[in-house]
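One-letter residues, chain by chain:
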Amino acid sequence: MNRINQKLQEDKKILSIYFSAGYPNLNDTVQIIQDLEKSGVDMIEIGLPFSDPLADGPTIQASSTQALHNGMTTQILFNQLEDIRESVKIPLIIMGYFNPILQYGVDEFCKKCAAIGIDGLIIPDLPVDVYAEQYKATFEKYGIINVFLITPQTSDDRIKFIDSVSNGFIYMVSSASVTGSQSGFGNTEESYFERIANMNLKSPQIIGFGISNKETFNQATKFAKGAIIGSAFIKHLSKKGTGNIAEFVEAIK
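What counts, and at which threshold
Residues numbered from 1 in each chain as written. Predicted model: local features only at pLDDT ≥ 70, side-chain atom pairs only at ≥ 80, totals over all residues. Heavy atoms only, no water. Helix = DSSP H or I, 4+ residues; strand = E, 2+ residues; numbered from the N terminus. Rg over C-alpha atoms; globule rule 2.2 N^0.38 Å. Buried < 20%, exposed > 50% of the residue type's maximum accessible area, 1.4 Å probe, protein only. Areas by Shrake-Rupley, 256 points an atom, 1.4 Å probe, with all protein chains shown as cover. Lys, Arg positive; Asp, Glu negative; His and termini not counted. Charge placed at Lys NZ, Arg CZ, Asp CG, Glu CD. Axes fitted to C-alpha atoms, helices over the stretch in contact; angles between N-to-C directions. Parallel < 35°, antiparallel > 145°, perpendicular 65-115°, else oblique. Left-handed = near helix turned anticlockwise from the far one by under 90°. Contact = heavy atoms within 4.5 Å. Nonpolar A, V, L, I, M, F, W, Y, C, P; charged D, E, K, R; others polar. Salt bridge = Lys/Arg side-chain N within 4 Å of Asp/Glu carboxyl O. Pairing = 2+ DSSP bridges.

## Describing the overall build of the protein chain
On a plain count of helices and strands, the protein chain comes out with 12 helices and nine strands. Rg of the C-alpha trace for the protein chain: 17 Å, near the compact-globule value of 18 Å for 253 residues, within the 12% margin. Put simply, the protein chain has 253 residues, and 55% of those count as buried. For the protein chain, the computed accessible surface area is about 10,500 Å², with 47% contributed by carbon and sulfur atoms. Charge centroids of the protein chain, computed over 22 positive and 28 negative side chains, lie 4 Å from each other.

As structure tokens, then:
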């Protein structure tokens, strides 16, 4: 069974952390992953830097740009992760845009992910219907879960279609905006979380965008299986470097 599905079966709320590969420094990637697992994180999203990250807020954009300046590429990331399963057991997901994956070759990219132990991909700009028609068989051949995003504007019919195609979890975007921290969720977001929970989808939901602290993590996971923190963690890396990761995770958990 895929590690993502194994994790989703655990009787706990999942904390997933996102960071940009190659940030703050090119060769920090593996150490950050190892330290996140040691600190009790349940799942990690490794950002594959891209020059035009449409869904990302200024913090993640800046870290992605710095990672590119540091020299991060798809092949370098794969090289860095070559032996990651010798030290890390939790699910690992690569989050990136479709252009670099297409350039690498979708079949070859999925094959490489499977070889090094990547469990899933999140590709915000790959429409679910295009995936279902053209790429689903390739992902399934290599045992790679593709995670789709929904937003407050996604129609119920579209959500049900995404649910039918999904074989992991659904990434539930908290609001119709780019990534970034906020102080808390209001009635609009909470009613959206509750509406999706009441749809009784087969796929668990993990909420991202705007999760930055214990309060917002608890708000999000009241209705969902877990939550994803990205911008707040990258800000922590920017201020305190890679030596204080446990401190960040303990404040959330």
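## A look at the packing of helix α3 (residues 58-70) against helix α11 (residues 231-240)
Running from amino to carboxyl end, α3 crosses α11 at an angle of 55 degrees, the nearest separation of the two axes being 9 Å. Classified by the angle between their axes, α3 and α11 sit oblique to one another. Here α3 runs over α11; the crossing is left-handed. Contacts between α3 and α11 involve Thr-59, Ile-60 and Ser-63 on the former and, on the latter, Ser-231, Ile-234 and Lys-235. Its residues placed into classes, the contact of α3 with α11 shows two nonpolar, three polar and one charged.

## Comments concerning the pattern of salt bridges
Overall, the coordinates contain 11 salt bridges when judged by the stated rule. Two residues, Lys-7 and Asp-42, come together in a salt bridge whose shortest N-O distance is 4.0 Å. Of this pair, Lys-7 sits in helix α1 (residues 3-8) while Asp-42 sits in the loop between α2 (29-38) and β2 (43-47), placing them 35 residues apart in sequence. Taken individually, Lys-7 and Asp-42 each receive the classification buried, so the pair is uniform in this respect. Through salt bridges that share partners, Lys-7, Glu-10, Lys-12 and Asp-42 make up one connected network.

## Focus on the sheet that holds strand β8 (residues 205-208)
Spatial ordering of the open sheet is given by β5-β4-β3-β2-β1-β9-β8-β7-β6, a layout of nine strands whose pairing is parallel. With one partner strand each, in any of the chains shown, β5 (145-147) and β6 (149-150) form the two edges of the open sheet. In the sheet, strand β7 (residues 170-173) pairs with β8 via four bridges, with the strands oriented parallel. Bridged to Met-172 within β8 is Ile-207. In the packing of α11 onto the sheet, the strands contacted are β1 (14-20) and β9 (226-229), and the crossing angle to β1 comes to about 55 degrees.

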